[in-house]
Structure formats: C-alpha cells, structure tokens
Amino acid sequence: MIPELGHFALIVALLLALTQAVLPLIGAQRGNLTLMSVARPAAQGQFVFAALAFGCLAYSFMVNDFTVENVARNSFSQLPEVYRLTATWGSHEGSLLLWVLILGFWTTAVSVFSRHLPDDMVARVLGVMGIISVGFLAFLLTTSNPFDRLLPAPIDGRDMNPLLQDWGMIIHPPMLYMGYVGFAVAFAFAIAALLSGRLDAAWARWSRPWTTVAWAFLTLGIALGSWWAYRELGWGGWWFWDPTENASFMPWIAGTALIHSLAVTEKRGAFKAWTVLLALTAFSLSLLGTFLVRSGVLSSVHAFATDPARGAFILGFLVLVIGGSLVLYAWRAPKMLSGGGFTWFSREALLLGNNVVLLAALGAVLLGTLYPLLIDALGMGKISVGPPYFNAVFVPLMAPALFLMGVGPLARWKEASLPDMVSRLKWALVISVATGILLPLTLDGFKPWAVFGFAMSMWILLTVLIGFRERLKNGARWSSLTRSFWGMQLAHLGMAVGVAGITVVANYQEERDVRMNIGDHTELAGYTFTFQGTTEHEGPNYRAARGTVEVGKNGKKLYELHPEKRIYNASGMPMTEASIQPALFDDIYVALGEPLDEAATIWAVRVFHKPFINWLWLGALLMVIGGFLAAADRRYRIAVKAPAPTGAAAQGA
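Residues numbered from 1 in each chain as written. Predicted model: local features only at pLDDT ≥ 70, side-chain atom pairs only at ≥ 80, totals over all residues. Heavy atoms only, no water.

**Q** Which parts of the structure should I look at to understand empty space enclosed by the protein?
**A** It is a probe the size of a water molecule, rolled over the atoms, that shows where empty space is left. One pass over the structure, following the stated rule, counts 1 cavity of 30 Å³ or more. Its boundaries defined by the atoms lining it, the largest cavity holds a volume of some 30 Å³. (1 Å grid on protein atoms, 1.4 Å probe; cavity = no way out; pocket = protein on both sides within 12 Å on 5 of 7 lines; lining within 4 Å. Points joined across faces, edges and corners; volume = space filled by probe spheres on them.)

**Q** How do you make sense of the packing of helix H16 (residues 418–438) against helix H17 (residues 448–473) when you look at a structure like this?
**A** Packing of H16 against H17 brings their axes to within 8 Å, and their N-to-C directions diverge by 150°. Accordingly, the angle class assigned to the pair H16 and H17 is roughly antiparallel. Where H16 crosses over H17, the handedness of that crossing is right-handed. Of H17, the residues touching H16 (which contributes Arg424, Leu425, Ala428, Leu429, Ile431, Ser432, Thr435, Gly436 and Ile437) are Val451, Phe454, Ala455, Met458, Trp459, Leu462, Thr463, Ile466 and Glu470. Per-class residue counts for the contact of H16 with H17 are 12 nonpolar, 4 polar and 2 charged. (Axes fitted to C-alpha atoms, helices over the stretch in contact; angles between N-to-C directions. Helix = DSSP H or I, 4+ residues; strand = E, 2+ residues; numbered from the N terminus. Parallel < 35°, antiparallel > 145°, perpendicular 65-115°, else oblique. Left-handed = near helix turned anticlockwise from the far one by under 90°. Contact = heavy atoms within 4.5 Å. Nonpolar A, V, L, I, M, F, W, Y, C, P; charged D, E, K, R; others polar.)

**Q** Is there a simple way to explain the domain arrangement of the protein chain in this structure?
**A** One frequent convention defines the size of an interface as the accessible area lost when the parts assemble. Parsing the protein chain into structural domains produces domain 1 (1–160), domain 2 (166–413) and domain 3 (510–613). When each unit is reduced to the centre of its C-alpha atoms, the spacing between domain 2 and domain 3 is 39 Å. Contact with domain 2, which involves 9 residues of that partner, is made by 12 residues of domain 3. Between domain 2 and domain 3 the total buried area reaches about 790 Å² when both faces are included, carbon and sulfur atoms providing 47% of it. Here domain 2 is connected to domain 3 by 0 salt bridges. Connecting domain 2 to domain 3 are 4 residue pairs in polar contact (both at pLDDT 80 or more). Considered class by class, the residues forming the side of domain 2 that touches domain 3 number 3 nonpolar, 3 polar and 3 charged. (Domains from an automatic or database assignment. Buried area = accessible area lost by both parts, 1.4 Å probe. Salt bridge = Lys/Arg side-chain N within 4 Å of Asp/Glu carboxyl O. Polar contact = N/O pair within 3.5 Å; in protein donor to acceptor, adjacent residues only side chain to side chain.)

**Q** What am I meant to see in the environment of Asn391 here?
**A** Mapped onto the fold, Asn391 is located in helix H15 (residues 387–407). Sequence separation of Asn391 and Trp241 is 150 residues, and the distance between their C-alpha atoms is 9.1 Å. For Asn391, the contacting residues outside a window of four places in its chain are Trp241 and Pro396. A distance of 3.2 Å separates polar atoms of two side chains, one belonging to Asn391 and the other to Trp241.

**Q** Explain the packing of aromatic side chains to me, please; I cannot follow it from the model alone.
**A** Aromatic rings in a pair are described by how distant their centres are and how their planes are angled relative to each other. Under the definition given, this model contains 39 aromatic pairs. The interplanar angle of 35° and the centroid separation of 6.2 Å between the aromatic rings of Trp99 and Tyr180 together place this pair among those described as tilted. Residue Trp99 is found in helix H6 (residues 92–112), and its partner Tyr180 is found in helix H8 (residues 168–196); the two are separated by 81 residues along the sequence. The class of Trp99 is buried, set by a relative accessible area of 0%. When the ring of Phe403 is compared with that of Trp459, the centres are 5.0 Å apart and the planes differ by 5°; the resulting orientation is stacked. Of this pair, Phe403 sits in helix H15 while Trp459 sits in helix H17, and the two are 56 residues apart along the sequence. Looking at Trp459, the relative accessible area reads 2%, which means it is buried. Among the aromatic side chains, those forming a connected cluster through ring pairs are Trp215, Trp239, Trp241, Phe249, Trp252, Tyr389, Phe390 and Phe394. Positioned over the ring face of Trp331 is Arg332, at 4.6 Å from the centre of the ring. Here the guanidinium or amino end of Lys553 rests over the ring plane of Tyr527, the centre of that ring lying 4.5 Å away. (Phe/Tyr/Trp six-rings, centres within 6.5 Å; stacked < 30°, edge-to-face > 60°. Buried < 20%, exposed > 50% of the residue type's maximum accessible area, 1.4 Å probe, protein only. Lys NZ or Arg CZ within 6 Å of the ring centre and 35° of its normal.)

**Q** What should I look at first to understand the pairing of strand E7 (residues 574–577) in this one?
**A** Successive side chains on a regular strand alternate, one facing one side of the sheet and the next facing the other. For strand E6 (residues 564–568) and E7, the ladder comprises 4 bridges, and the chain directions are antiparallel. Bridged to Ile567 within E7 is Pro574. Hairpin connection between E6 and E7: a loop of 5 residues separates the two successive antiparallel strands, and Gly572 in this loop has a positive phi of roughly 70°. (Pairing = 2+ DSSP bridges.)

**Q** Looking at this model, I keep getting lost on the pattern of salt bridges. Mind explaining?
**A** Any two side chains of opposite charge can pair if their charged atoms end up close together. A complete count under the given rule lists 18 salt bridges for this structure. In this structure, Glu470 and Arg424 form a salt bridge, with 2.6 Å as the shortest nitrogen-oxygen distance. With Glu470 in helix H17 and Arg424 in helix H16, this pair connects stretches of sequence that are 46 residues apart. Judged by its relative accessible area of 16%, Glu470 is buried.

**Q** What is the right way to read the pairing of strand E5 (residues 556–561) from this model?
**A** Taken together, the 5 bridges between strand E4 (residues 542–553) and E5 define a ladder with antiparallel strand orientation. The residue of E5 that forms the bridge with Lys553 is Lys556. Turn length for the E4-E5 hairpin, with the two strands adjacent in sequence and antiparallel, is 2 residues, and the turn residue Asn554 shows positive phi of about 55°.

**Q** Explanation requested: a nonpolar patch on the surface in the structure shown.
**A** A surface patch of nonpolar side chains, amounting to about 650 Å² of accessible area, comprises Phe403, Leu429, Val433, Ile437, Leu438, Leu441 and Phe446. At 4 residues, the largest contribution of residues to the nonpolar patch is made by H16. With respect to the helices, strands and loops of the structure, Leu438 is situated in helix H16. (Patch = residues over 30% accessible without salt bridge, like charges linked within 9 Å, V, L, I, M, F, W, Y side chains within 5 Å. Areas by Shrake-Rupley, 256 points an atom, 1.4 Å probe, with all protein chains shown as cover.)

**Q** Sorry if this is basic, but what is going on with the side chain of Asp587 here?
**A** Here Asp587 is to be found in strand E9 (residues 586–595). Comment: no salt bridge for buried Asp587; closest opposite-charge side chain is Arg231, at 8.6 Å. One polar contact links Asp587 to Tyr230, side chain to side chain, over a distance of 2.9 Å. Engagement of the side chain of Asp587 in a polar contact is seen with the backbone nitrogen of Ala583, the distance being 3.2 Å. Those residues in contact with Asp587, other than ones at most four positions away along the chain, are Tyr230, Ile580, Gln581, Pro582, Phe608, His609, Lys610, Ile613 and Asn614. (Lys, Arg positive; Asp, Glu negative; His and termini not counted.)

**Q** I would appreciate a short explanation of the environment of Asp156 in the present structure.
**A** Relative to the helices and strands, Asp156 resides in the loop between helix H7 (119–143) and H8. Residue class for Asp156 comes out partly exposed when judged on its relative accessible area of 28%. Between the C-alpha atoms of Asp156 and Ser75, which are 81 residues apart in sequence, the distance is 8.4 Å. Setting aside its immediate chain neighbours within four residues, Asp156 contacts Phe66, Phe76 and Ser77. Engagement of the side chain of Asp156 in a polar contact is seen with the side chain of Ser77, the distance being 2.6 Å.

**Q** Just checking my understanding: could you explain unusual backbone geometry for this structure?
**A** Trans peptide bonds make up most of the peptide bonds, and negative phi angles are found at most residues other than glycine. Residues Leu151 and Pro152 are joined by a peptide bond in cis, for which omega reads -5°. Residue position: Pro152 is located in the loop between H7 and H8. A positive phi angle, close to 85°, is found at Asp159, a residue other than glycine. Tracing the chain through its elements places Asp159 in the loop between H7 and H8. At Lys414, a position not held by glycine, the phi torsion is positive, near 75°. Inspection of the secondary structure puts Lys414 in the loop between H15 and H16.

**Q** Whenever I open this one, the sheet that holds E9 confuses me. Can you help?
**A** Strand pairing in a sheet relies on backbone hydrogen bonds. The paired strands run either parallel or antiparallel. Spatially, 4 strands are ordered E1-E10-E9-E8 in an open sheet, and the strand pairing comes out antiparallel. Edge positions in the sheet fall to strand E1 (510–516) and strand E8 (579–581), since each of these pairs with one other strand and no more. Going across the sheet, the axis of each strand differs from the next one's by a mean of 15°, ignoring polarity. Pairing of E9 with strand E10 (residues 603–611) involves 8 bridges; the strand directions are antiparallel. Along E10, the bridge assignment pairs Leu592 with Val605.

See the structure below:
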C-alpha cells in the first residue's frame, strides 16, 4: 500500500502544480487577486505531497520492499540502513523525485519569504516554477515512475552501486540539487520580469539573494563531489574533467557571472539584458546537466534509442523550457532600457569584462563536454576530450578573471581613475609577482604554472586586505561593514585559498606505485611506508583484504593506515578503499592494488603525498560561507518601494 500511496501523492502533486502553473499567471495578466492568491497554497500543497511521495519511496527502501522495482534494482538486504536511505536517490527515478522534492522546497520558500513583493510578481514567479514542476512530475509519472511494481518479487535486491556506498553521497547529491534547482528561482524571476516588463533595480534586488544562496549550495555540492571522488575512487585525483563533473561546473560558471551581473543591475540599473540572459543560461545548463547525467547520454549517446519515450520527453521539455525562454527574451530584450552610463574603466566595465571571460571559459567547457557526444551521435566515430584540452584552454582563460577579481571590488561605480588605481595597487602587484617567482624556488623546482598560481592567489588575498583597509580608512567601523561586503570578501578569500591549494597539489604532489611484500618499505616526500601485510575483514555487505601500512618519518613511527580491497557480495564488484591521513598542509594517501602472488602476501601498493590538497575544500567552504552571508544582508529583507535611480553612483558590494 505504501508504494500506491506514493504514486497517488505524485498525482496530487501534479494536479497542484498544474493549478500553480495556470491560475496565478492568468490572474497576474488580468489583475485578478483571487486567482493570484492561489499560487501560495498550491505551491505549499505540492511540496507536502512531493515530500509524502519521497517518504513513501524512502520507507520502501528502508524495509527492503523488493516488490518495488526501483528498490530491487538499487538495494540489498545486507545494505546498511544509512545507505538504504541514500539509495532512495541513487537511481534515475529516485534522483528525479529528489529534484521534485527540492523544487517544491524552493517554491515553498519563495511563497513564504516573498510577502513583501508585489502580488503580480509573486504570482508570475510561482507560476513559472509551477510549469517546471509540471514537467518533472509528468516525466516521473509517464516514463520514470519510482513506484513501479515488480511481480513476482525477487528474493533479494541487486545492491546499490558500491561507488555510492560512502557517507559523502549522503549529502553530496542533495546539496548539488539544491544548487541546480535553486537556479530555477532566478530563472522564474527573470521570466516573470520579462512577462511583466519590469526589469529594474527592484527586480534585481528581489532575485539576488535567491541566486546567491543557490550558487552557495552548488559550490558546496561540487566541492563535496570532488572530495568524495578523491576519497572513494582510489586514484588520488580530485578533478578529472569528466562530463559528469562538467555538467555541474557549467551552471556554476554561469551562476558566478549572474551574481556579479545582478550586482550591477541592482546598483546601477545596467546590464539588464545580460542579467536576464545569464539567469536563463544558468538554469538551462542545470536542466541540461541533470538530464545528460540521468538519461544515460554520458555513458552512451544512444541511450535515447533504447528508451524512446524517455528520450522524446527529455528533448521536448528542454526545447519547451530553453527554447521558450529564449524566444521570450528575444521578444522583450530590445525593449529593455539601458541603465546608467559608465566609462571604459569603472566597476561596471570591469565586471562586464569578468563576465565575458567567464562565458568564454563556459563555452570552452561546453564544447569539450558536448562535442564528443555529438560526433558519436552522428556516427562519425568516437573521440575523447580530456584534461589536456581543458587544462590548455580553461586555465589560461581564468587568468584575466582572477586578476579582475582583485581590481573590480576596488573600482568606483560609473567612473574610476586608472592612475589612482595603479597607485593603490602597485605594491600588491609587486608583492604578488615576487611571490609567484620566489615561492616556487623554495619548493621542488621552478614551474611556470606554479608561478601563475601563487601570483594570482597572493593578488586576490592582498586586494581583499586592501578592500578592508580602505573601508576602515574611510570612516567605516568593523561593526558597520555590511554582510554583503563581508560575504563578497570571504568568497574572494576562499578563491585565493583554493587557487593556492590547486597550485601546490597540481605541481608538487608525488606518487609511487610499488610492489610490496610483508616488511618491505619505500620512501616518498621524506616519509617511510612499511607494508605489514593484509588481514581478512568482513563488512556488512562485502568481504575485504585490509592492509596495514606503517608510516614514519626520520626513523620514528607516526601512524598506521589501513587501505582495503573489497569484493561486494551481491554484485561481486571489486572496490579500492583508500586510507588517508589528512592534515592542513598535506595528505598521506595509500591505496591497495591487486595481489601479485597466490598467497596474497605481495601486493601492488600506491602511495601519494598530496601537499595542501585540503586547501581546495577549505577555499570552497569559505566561498559557501561568503555566499550565505551575502544573501543574509539586511537590505534583502526590506521591501523596495521604488526603483533605484539609474544615475546613482552608490558604492557597495
């Protein structure tokens, strides 16, 4: 009965989504308050029934109800309870249900925290989000029903993919989807503004905190995914430029450009067309990435052919949402009035340059991700686009973006003085260049990319400090600095920390693959690794050979690491479980390969020294905190009574 209840809840949620999508938009067009007032209860009711459906699916996994096909394909009676919960969203159907649940959450949040906005704007925003909900709910019910029965039921399930049996996967997908789906709010505000013709500073102020929160969640989700891959895959890498990774990275780049463009639209009334287009692009890329990953296109571009109904629905929905929004944009964009003017050297001009660079980088990633799929789909053969392409194209494009990150916040709105800026930043530039040149000499060799990375990291750090100094010098007190300013500076500081971590680990990490018998040792980065053999270990749903590797330095034992080679009971799939000793300035990482003799006393062992790798995730965490802090600024909780004058040259974040 529980699966049937879940299926019924999805049907009710679809009916409420249809109500939310149609009546409020009609009411906004006609000025009918009664119809507009339907938006909030319909949105909240839809979330309640989506949550009920999700709860029913989670319950089916927790009690091992193998009469549900989704449970039978993605769970196992020996699977630990916590992973039964994560298996709820580990499949295509379950992940789409999670998307619907999170979309309902965002919609409800908008309905609750938008009471200071005009009724017609709220009705249009919730109506657009209702249209998106209708698409996903219809997709679930027609082609991807998570509650389909499997009769007769199997005795046991096939088990969850062992790669996903990691606690990082408990929080990574929900955080990633919070970012993906959060951009639906920015998309809905943009469409609502296009429909109403109200593209002003007030609209940008309403949209900006929602966009910033979505960006922060997506940043957190990407960072958690990178951390999970580093820990779980056994290769010691943290970013592979895999299409799945790129599918989340592309909306993040667009979202980064969007939050900077929104700042200009709010402060100066400029970049309206840019801002709307970026809002449409960010969510369109979120849709594209989600469907590419979940439709099987990335594993085989012919997946649509194996499931024509699902493929046709995906393509139709993408055309409707992306194509329809671009048509509306093309219709309304020529009517957008430009905001206040600005000179070639001003904060507006620098932010515009930053956005141009970010979109160029986005185009490079999009081309490298989709081009191989297109070539394969056209039957023109298979090609692989990997890290060499992305490192050669993307990294140089980011150089001007990182430089502008330091200059932009210090420039004045409307018009800035280049000689004045040079005077203010000359010592920061000198110190940054000197750091880039000299710091690699203290490490293991002089490397050009290390020079660039260290210089950019120091440049951003120094400009952040200059920003604080100038605010305080101009009479501001620490207590009077706005959350928006703190958030911006903290996010930029996080980028500096992340760039430093990437620079060190990419240029100075060390690894060694060795053949080790019991008692053998090897040296790496001043550490001694001694192999003490393996023991048999029984896990809840796997068997493992657990190794013991003693790590020492200068003749003194520091600690033991215990990498494992697992075989999962249901699938027989082997998995490498690395053992890591984390620290602020370096990680020691050990992974077991394969046994090299019948007695399993000699093993292939891979050891890594990963300097500063945790700075990647520390930097991402600072950016996330900065994003949430900026979104909590007081001015976003105050109703905007009138559009800000476009000629104002206000200073601020």
